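Structural overview
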Amino acid sequence: MRYSGAGFSYNLGGVLGGAAAPLIVTALAENCSPAAGGWFMSAMALLSLACVLALPVTRDRDLDHV
């Protein structure tokens, strides 16, 4: 069950990040300015960094009994 959840979330992230981002950046570049696509990608990078920093540290925790 754990591997199904990990595989599902990995593939869903690939679809959303790999398919939606180019469509959004293209729309922003056409409707706003070409720099808007860069700002969007920068915002997504900062969001990813914030998510990684929010992850709990599990170095000293027993993960077998979660």
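Refer to the preceding data block for the structure.
Report follows, based on the coordinates. Values in this document were obtained by computation on a predicted structure and should not be read as measured data.

Some thoughts on the overall build of the protein chain
- On a plain count of helices and strands, the protein chain comes out with two helices and zero strands.
- Its C-alpha atoms give the protein chain a radius of gyration of 17 Å, more than 25% over the compact-globule value 11 Å for 66 residues.
- Here the protein chain displays about 5,700 Å² of accessible surface, and carbon together with sulfur accounts for 69% of that area.

Quick look at a nonpolar patch on the surface
- Residues Phe-8, Leu-12, Val-15 and Leu-16 make up a contiguous nonpolar surface patch of about 410 Å² in total accessible area.
- Under the relative-accessibility criterion, Phe-8 is labelled exposed at 58%.

Examining the environment of Ala-20
- With respect to the helices, strands and loops of the structure, Ala-20 is situated in helix α1 (residues 2–31).
- On the basis of relative accessibility, which here comes to 28%, the residue Ala-20 falls in the partly exposed class.
- The spacing of Ala-20 and Leu-55 is 35 residues in sequence and 24 Å in space, taken between C-alpha atoms.

Side note on helix α2 (residues 34–54)
- For α2, built from 21 residues, the straight-helix expectation of 30 Å at 1.5 Å per residue is met to within 8% by its first-to-last C-alpha distance of 31 Å.
- Within the sequence span of α2, burial applies to Ala-36, Gly-37 and Phe-40. Viewed along the axis of α2, the buried residues span an arc of 105 degrees, placing them on a single side of the element. Of the residues in α2, the exposed ones pointing more than 90 degrees away from the buried face are Pro-34, Trp-39, Leu-46, Val-52 and Leu-53.

Thresholds applied
- Residues numbered from 1 in each chain as written.
- Predicted model: local features only at pLDDT ≥ 70, side-chain atom pairs only at ≥ 80, totals over all residues.
- Heavy atoms only, no water.
- Helix = DSSP H or I, 4+ residues; strand = E, 2+ residues; numbered from the N terminus.
- Rg over C-alpha atoms; globule rule 2.2 N^0.38 Å.
- Areas by Shrake-Rupley, 256 points an atom, 1.4 Å probe, with all protein chains shown as cover.
- Patch = residues over 30% accessible without salt bridge, like charges linked within 9 Å, V, L, I, M, F, W, Y side chains within 5 Å.
- Salt bridge = Lys/Arg side-chain N within 4 Å of Asp/Glu carboxyl O.
- Buried < 20%, exposed > 50% of the residue type's maximum accessible area, 1.4 Å probe, protein only.
- Expected span 1.5 Å × (residues − 1).
- Arc of directions from axis to C-beta.

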